[in-house]
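Understanding the architecture of this molecule
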Amino acid sequence: MTHALCRAIRHSLLATALAGTASAVLAQETPATESDPTTLGRIEVTGSRIQRTDTETASPVQLIQREEIDRSGERTLGEYLQTLTVDGSGSVPKSFGAGFASGASGISMRGLGAGSTLVLINGRRIAPYGLADDGQKVFTDLSIIPLEAVERVEVLKDGASSIYGSDAIAGVVNVILRRDFTGTVLTGSYGMSEEGDGDERKAAVTWGTGDLAEDGYNFFFSAEASKSDEVFVRDRRGRKWIGTGDIRPWGYDIQDFGGITGFIPDVGTATNSPVGNAEGPDGWTSLDPSPESCALFSSVTPQDDPNGGCMWDTGQISSLQPEQEYINFFSRGTFALTDTSEIYTEFGYGRKKSSFHNTPSGVSGAWASPEGGAINASSGEQATVIGAEHPDNPFGVDARLRYAAFDVGSRRNSVDNQFVRFLVGLRGYLGEWDYDVGYLHSETDLESVRRGYLRYSAVQTVLTDPDSPVGWWRLGANAGENSQALYDFISPTIGANAKTKLDAFDIKASRSLMDLPGGALGLAVGAEWRRQTAMLTPVTFTDQSDIIGLGYSAYDGDETVTAAYVELLAPVHETLELSGAVRMDDYRDGDTAFTPKFGIKWTPIDWIALRGTYAEGFRAPNPAETAGSSVGFASAQNPARCEVGIVPMPSNCPGGVAFINQPNPDLEPEESKSYTVGLVLQPTATTTLTLDAWQIKRENEITTQSLSQALQAGEIILDDDEIPGYPGSGSLLAVFTSYVNATSTTVRGIDLDVRQSFDLGNAGTLALDLQWSHINKYELIDTDGTVYEFAGTHDNCTVTNCIGTPKNRINLGTTWDIDDWSVSGIVNYRSSFDNTAEYSIGSGCAAYFADGSDAPGDCEIPSFYTVDLSGSWRATEAFELFGSVQNVTDRVAPLDPTTYGALNYNPLDFSGAMGRYFTLGVRYTFL
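Keep in mind the model is a prediction, meaning the values are calculated, not measured. Every residue gets a number counted from 1 within its own chain, in the order that chain's sequence is written. At least 70 in pLDDT is required for a residue's local features to be given in this predicted model, at least 80 for side-chain atom pairs to be given and counted, and no such filter applies to totals for whole chains, interfaces and linings, which use all residues. No hydrogens and no water enter the side-chain calculation; it runs on all heavy atoms of the structure.

Quick look at the overall build of the protein
- Across its full length, the protein carries twelve helices and 42 strands.
- In what follows, a contact means two residues having at least one pair of non-hydrogen atoms within 4.5 Å. At a minimum sequence separation of 6, the contacts of the protein that also span at least 24 residues come to 72%.
- Entry remark: accessible area of the protein is about 33500 Å², with carbon and sulfur atoms responsible for 55%. Numbering of helices and strands runs from the N terminus, with a helix taken as a DSSP run of H or I at least four residues long and a strand as a DSSP run of E at least two residues long. Calculation of accessible area relied on Shrake-Rupley with a 1.4 Å probe; when residues are assessed, cover is drawn exclusively from the protein chains displayed.

What follows is the structure in C-alpha cells.
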C-alpha cells in the first residue's frame, strides 16, 4: 500500500473520530488560494452528502456518543432512543406485547408516528419490521441493531426527504456502527430488579484484525446474545396500582376503569366471568354464584358485585414485560484495492424471540371479516349462546353467554423474527471526485404463533350441539370434565408469517467546484434504485372470520423507486453559509415526488451562529395501506351512551372498540413542510448551547376516517345493552373505517441542548448536559374539519398505545471522571398533561371517579421523573467493571386510567412500573 492511500485513510479515520467527539464546532473555513479549490473535510453529517469540517450544520443534529448510551443503563438501543426528548406519541415500546407490532421497538420523532421517522444504519436504509404498527405504519425495528457495535448515533431533527427520500418527514436516526477494529473485547452483564425478577443475561464479543494502513485490510465482527425473563403484572402486587387492575382504593368504579371484569351491572350487559354470566328470562345472572367456585379463579378481595357476578383481575394473568431472547451479529471488512480506492462489505444477522401473556379469551366480541363486514358475537343473531340442552344452562332456553375461558388458559403471543443485512461497496477518489457506490440487500422473516385463542365455529358447536364430536364444553368449576381433545378443537395453535425485503443500489459523489469568499463551493450528486416488498399472511382461520376477537389482517405489495438528487454547500462569505438540495423520486406506479431543502447559517462572530432551514418531505403509501386490511382495538365511546347524564356513568363508557380498517389502492403520498430557526453558542471551549424552534406541517395525511364520521354514517356495530329511554345508547363494539388522504397535522416546538464541562484538576473532570423538548402545538384537522389540539393532552388515542403528548420532556445528565473511575447520573422527566381525549365526556375529561368527578385529580396525569445512576472502574488496562441502577429512588409511575398500552400506568413511565433495577457487568480487553 502506498503512503498516499495510508494518508487518505488516516485522514478519513481521524475525521470520523472528530465527528464522533465534537458536539458543537463553530470554526470558520479558511479561505482557499486562488490556484486550487479548497479540499473539503472528511466528515459526513447526517442530512448532508457533502463532507465537511464543521459538525454544526444549518440543520439541528443531535450527536449521541457511545458513552452517553452506556451511562443510561438502558439494555438495548431501542430502549435508549425512546428516552430521548424528541420521542413522542406513536413510539413502539417492547412492553406493548398486545399491539400490532408485538416484539419490536420503534421511535416516533415529534409524535408523528414510527412510520414518519427514518432509521438508517451507516447512512443506508434497512428492511422494515414484518408487522406494521397499528396495522398501518411500516417502521424499523431498533432491537435488531447490535448495541456493542454502535459507535455513535446522529439524530437529524428536521425533514430530510431531499437526501433520503420517503419516510424522513419527522427526522432521521442514523446509527453509526464501527468502521474498523483490531483486538478482542469480551463483555458480560447481569441485570435484576429489586423484586428479584426480570433477570437479564447478556454477553458480547468483538474481534478484529488487520491494520488498514499497514496491511491493506481490516476485518472485525461483533456478536451479542441476551435473554430476559418475563415479568407479570401480579409480580408488582403491593406496588400501589401497578400490580393490580382493582383501582377502587383510589376512587374509581371498577365497572368503568381499571382491569376488573366479570361483574353484572344494574343496566346493560354482563362482562366475561370465569364461571359464566348468561342472560336468562329474568335478565343477566351468574351460572355459578357460589363464592367457592369464584375463588378457584379470582384473587379479587372483596368480590362485592351486588348482582352476584364473579369479578376477576386481568392483572393476575397479563405480562408487564415480555420474555425476550436475541442474538445480534455485525461484521465489516475493508480492503484496499489501489492507492485511491477500497472495497468494503458489511453483514448483519439478528434473531429475536418474544413471548407475551394476555388475559384468557372471552366467547363474545366483534371482529372483521375478509369481505369487509364484521362478526358480532356479542348480540343479535351471531351472538354466542349457551344452548338450552347444555348441562350448565339452568334456564332451559338458549341464553347469551359471557365467559372468560380460564380453563383454556391465557392468550400467549410469541414472535420469532430473523433479520439479515448485506452490503458491498466501493469508495475512493477519482480525479476531484470522492465517490461511494454500494449494493444493499436486507430482509426480515417473522413467524407469529398464538395460543389460547378461541375458534368461533367450534365454540358454537360445543356450547349448543348435543352431537358435538368432542362433547359439551363444561364451564367454570365443571371444566375438569373436559377432554384435551375438546381444548384442541376449540383452541388450536394459530399463527401468521410476515416477510419484508429491501434491495437497493446507490451511487453518490462529491467534490469542490470553486472557491468562494468563505471557502470551497461543495457539490454532491447521487442516484438510487430500491425495491421494497412486504407480505403478511392472515392469522390462521381469520380468513374465515373464525377466531374470536381477531380480525383479518394481511397485505402483500411492493414498491420500486428510482431517485436522483443534487446538493450544494456555498460558503458565500466568511460568516455566511448557504445550502440547498433537491431530490426526485419516481415510483413505478407513475407517482413522482420533488422535494427541496434550503438552509442558511450565519456566524457573525466565531462563537455565535444563527441558522435556519426549510424542507419539504413526503411519505409514500405502504402495502399495509394500499393492499391490506387490519383491525385494531382502542378505547372509544358511543356519545349516546356516555352523555346521557347518568351518574355514575354506565359501563363501557368508554370501552374497548374494534376499529376495522380497509385498504385504499388510490392513496396519494403524504406531503410535509418543515421549518427550523436556531441559535448556536460556544462562548468557551467547554460550553455549547443550541436552541432551535421548529415546525412540521403534514398534509394529505394518510389516516383512517374519524370516529365521528363513522358514527354519523352509521358505520358502526352497537351492542343491544341500551340504556332504557335512550335509543342508540348500546355499547360501541366496532367501527368501520377506510384509509383516506384527508387530514393535516401541524406540530411546533422548541429544542434546547446545553453542554458544559469543567476541569477540576486533581479531582478529574465534570461534564453536564441538558436536553429539553417543548411542544407548544400539535393540531390535527380531522377528515370532517374538526380541529383537535393534542399538545399537553392524552389525546390521539387511536395511535399505537395512547401514551399522550406531554408538552415537555427533559433529560439532565452529569458525568464525573477521575483517574480510573467514572460516575454518571441522569434525570429523565416528562411534564403532566390533561387527561382529555376525543371520546372525553361531560366536562371534557376522559376518565372519572366513582362519584362522577374528573379523574385523576383535576383531570390531569401527573408529571413523572426517574433518576438513573451508572459507573465504571478500570481496575487494570485490560479489565473494567461497570454497573447501573435505574430508577434509583424507586418512584412509582402515576396512575393512568386512559391508556390501553399498559394496565393503570402510562407506557412512557415503564421504569416506574418495573421499579428499581440493577445491572452489573465486566469488560475484558485482550492487549
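Having seen it, we continue.
Brief notes about the sheet that holds strand β11 (residues 283-286)
- By the convention used here, strands pair only if DSSP detects at least 2 bridges between them. If you walk across this open sheet you meet the four strands as β11-β10-β19-β18, and the pairing is antiparallel. With partners counted over all chains shown, the strands left at the sheet margins are β11 and β18 (385-386), one partner each.
- The pairing of strand β10 (residues 277-280) with β11 spans four bridges and is antiparallel. Residue pairing in the sheet places Ala 278 in a bridge with Thr 285 of β11.

Quick word on the side chain of Gln 316
- Relative to the assigned elements, Gln 316 resides in the loop between β12 (312-313) and β13 (319-321).
- Classification of Gln 316 as buried rests on a relative accessible area of 15%.
- In this structure Gln 316 touches Arg 234, Arg 237, Phe 297, Ser 298, Ser 299 and Phe 406, once residues within four positions along its chain are discounted. Exposed residues in this analysis have more than 50% of their type's maximum accessible area, buried residues have under 20%, and partly exposed residues fall in between, with area computed by a 1.4 Å probe over protein chains only.

Looking at unusual backbone geometry
- Cis geometry is adopted by the peptide bond preceding Pro 856, which originates at Ala 855 and carries an omega value of -15°.
- When you line up the elements, Pro 856 lands in the loop between β38 (833-834) and β39 (860-861).
- At Asn 122, a residue that is not glycine, the phi angle is positive and equals roughly 50°.
- One can find Asn 122 in the loop between β2 (117-121) and β3 (150-156).

Digging into a negative patch on the surface
- In this scheme, patches are assembled from residues that exceed 30% relative accessible area and form no salt bridge. Like charges are connected within 9 Å, while nonpolar side chains (Val, Leu, Ile, Met, Phe, Trp, Tyr) are connected within 5 Å. Any carboxyl oxygen of Asp or Glu that lies within 4 Å of a side-chain nitrogen of Lys or Arg is treated as forming a salt bridge with it. By the counting scheme adopted, Arg and Lys are positive, Glu and Asp are negative, and His together with the chain ends is not counted. All charge positions are set by atom: Lys at NZ, Arg at CZ, Asp at CG, Glu at CD. On the surface, Asp 586, Asp 589, Asp 591, Asp 666, Glu 668 and Glu 671 cluster together to form a negatively charged patch.
- Relative to the helices and strands, Glu 671 resides in strand β30 (residues 670-684).
- A relative accessible area of 46% means that Glu 671 is categorised as partly exposed.

With respect to the packing of aromatic side chains
- For this analysis, a ring pair means two rings from Phe, Tyr or Trp (six-membered ring only for Trp) whose centres lie within 6.5 Å, classed as stacked if their planes differ by under 30 degrees, edge-to-face if by over 60, and tilted for the remaining angles. Under the definition given, this model contains 18 aromatic pairs.
- Measuring from centroid to centroid gives 5.5 Å for Tyr 403 and Trp 473, while their planes differ by 80°, and the two rings are edge-to-face. In this pair, Tyr 403 sits in the loop between β19 (399-402) and β20 (410-430) while Trp 473 sits in the loop between α7 (456-464) and α8 (484-490), placing the two residues 70 residues apart along the sequence. Here Tyr 403 matches Trp 473 in class, with each residue buried.
- Taken together, the aromatic side chains of Trp 207, Phe 221, Phe 329 and Phe 347 make up a single cluster linked through ring pairs.
- Positioned above the aromatic ring of Phe 541 is the side chain of Arg 455, whose terminal nitrogen or guanidinium carbon lies 3.7 Å from the ring centre.
- Over the face of the ring belonging to Trp 433 we find Arg 511, whose NZ or CZ atom lies 5.6 Å from the ring centre. Cation placement over rings: the criterion is NZ of Lys or CZ of Arg within 6 Å of the ring centroid and within 35° of the ring normal.

Overview of the environment of Asp 817
- Relative to the elements of secondary structure, Asp 817 occurs in strand β36 (residues 808-818).
- With relative accessibility at 32%, the residue Asp 817 sits in the partly exposed group.
- Taking the C-alpha atoms as reference points, Asp 817 and Ser 872, 55 residues apart in sequence, are found 9.6 Å from one another.
- What Asp 817 contacts, discounting residues up to four positions off in sequence, is Ala 763, Gly 764, Thr 765 and Ser 822.
- Among the polar contacts made by the side chain of Asp 817, one reaches the side chain of Ser 822 at a distance of 2.6 Å. Polar contact criterion, stated in full: a pair of N or O atoms within 3.5 Å, where within protein one must be able to donate a hydrogen and the other to accept it, and residues adjacent in sequence count only if both atoms are side-chain atoms.

Focus on the state of the cysteines
- Working definition: a disulfide is two cysteine sulfur atoms within 2.5 Å of each other. The final tally for this structure, using the stated rule, is two disulfides.
- One disulfide in the model links Cys 294 with Cys 310; its S-S distance is 2.0 Å. Measuring handedness by torsion sign, the sulfur bridge of Cys 294 and Cys 310 sits at about 85° and is right-handed. Within this pair, whereas Cys 294 is found in helix α6 (residues 291-295), its partner Cys 310 is found in the loop between α6 and β12, the two being separated by 16 residues in sequence. For the residue pair Cys 294 and Cys 310, the accessibility class agrees, reading buried in each case.
- Linked covalently through their sulfurs, Cys 845 and Cys 859 form a disulfide whose S-S length is 2.1 Å. One disulfide, between Cys 845 and Cys 859, carries an S-S torsion of 105° and so falls in the right-handed class.

So, α7
- Where α7 is concerned, the buried positions are Tyr 456, Ala 458, Val 459, Val 462 and Leu 463. Each buried residue of α7 sits inside an arc of 160° when the element is viewed along its axis, so together they form one side.
- Where α7 is buried, its residues touch β16 (366-368), β17 (374-376), β18, β19 and α8. Our arc is simply the arc of the directions from the helix axis toward the C-beta atoms.

Here's the deal with the sheet that holds β3
- One open sheet holds the four strands; their spatial order is β1-β3-β4-β2, and the pairing between them is mixed. Here the strands that pair on one side only, and so sit at the sheet edges, are β1 (61-65) and β2. Looking at each pair of strands side by side, their axes are set apart by 15° on average, direction ignored.
- Summarising the sheet, β2 and strand β4 (residues 171-177) pair through five bridges and their orientation is parallel. Bridging from a neighbouring strand, Thr 117 pairs with Gly 171 of β4. The axes used here are C-alpha line fits, helices contributing only the stretch in contact, and every angle between their N-to-C directions lies in the interval 0 to 180 degrees.

As for a nonpolar patch on the surface
- Side chains of Phe 347, Phe 422, Tyr 439, Phe 505, Ile 507 and Trp 529 sit close together on the surface and give an oily, nonpolar patch of about 520 Å² of accessible area.
- Within the secondary structure layout, Phe 422 lies in strand β20.

Things to note about the nonpolar core
- Ranked by size, the top nonpolar core spans 40 residues in total, and within it Leu 77, Leu 81, Ile 145, Val 153 and Val 173 carry the most contacts.
- Residue assignment for this core shows that the elements contributing at least two residues are α3 (77-81), β2, β3, β4, β31 (687-704) and β34 (765-781).
- Ignoring anything within four residues of it in the chain, the contact list for Val 173 reads Leu 81, Ile 107, Met 109, Thr 117, Leu 118, Val 119, Leu 120, Val 153, Glu 154 and Val 155.
- Among buried residues, those of type Ala, Val, Leu, Ile, Met, Phe, Trp, Tyr and Cys that are joined through side-chain atoms within 4.5 Å constitute a nonpolar core. Judged by nonpolar contacts, the second largest core, of 25 residues, contains Ala 458, Leu 475, Ala 479 and Tyr 487.

Here we look at the confidence of the model for the protein
- Confidence of the predictor at the level of single residues is given by pLDDT, which spans 0 to 100. Per-residue pLDDT for the protein averages 87, and the proportion of residues at 70 or more is 89%.
- Averaged over each element, pLDDT in the protein is lowest for helix α1 (residues 3-21) (37) and highest for α8 (98).
- A low-confidence stretch, residues 1-42 stays under pLDDT 50, and its non-local contacts, those more than four residues away or across chains, total 96 contacts.

Thoughts on the pairing of strand β5 (residues 183-193)
- Pairing between β5 and strand β6 (residues 200-209): nine bridges, direction antiparallel. Paired with Leu 186 across the strands is Val 205, a residue of β6.
- Hairpin geometry of β5 and β6 is characterised by an intervening segment of six residues between the two adjacent antiparallel strands and by a positive phi of about 85° at Gly 196.
- Pairing analysis gives ten bridges linking β5 to strand β42 (residues 917-926), with the strands arranged antiparallel. Following the sheet pairing, Tyr 190 is matched in β42 by Leu 920.

Digging into the pairing of β36
- Here β34 runs beside β36; their pairing, made up of ten bridges, is antiparallel. Residue Gln 771 lies in a different strand from β36, and its bridge partner there is Asn 811.
- Of the strand pairs in this sheet, β36 and strand β37 (residues 821-830) are connected by ten bridges, and their pairing is antiparallel. Counterpart to Ile 810 in the pairing with β37 is Tyr 829.

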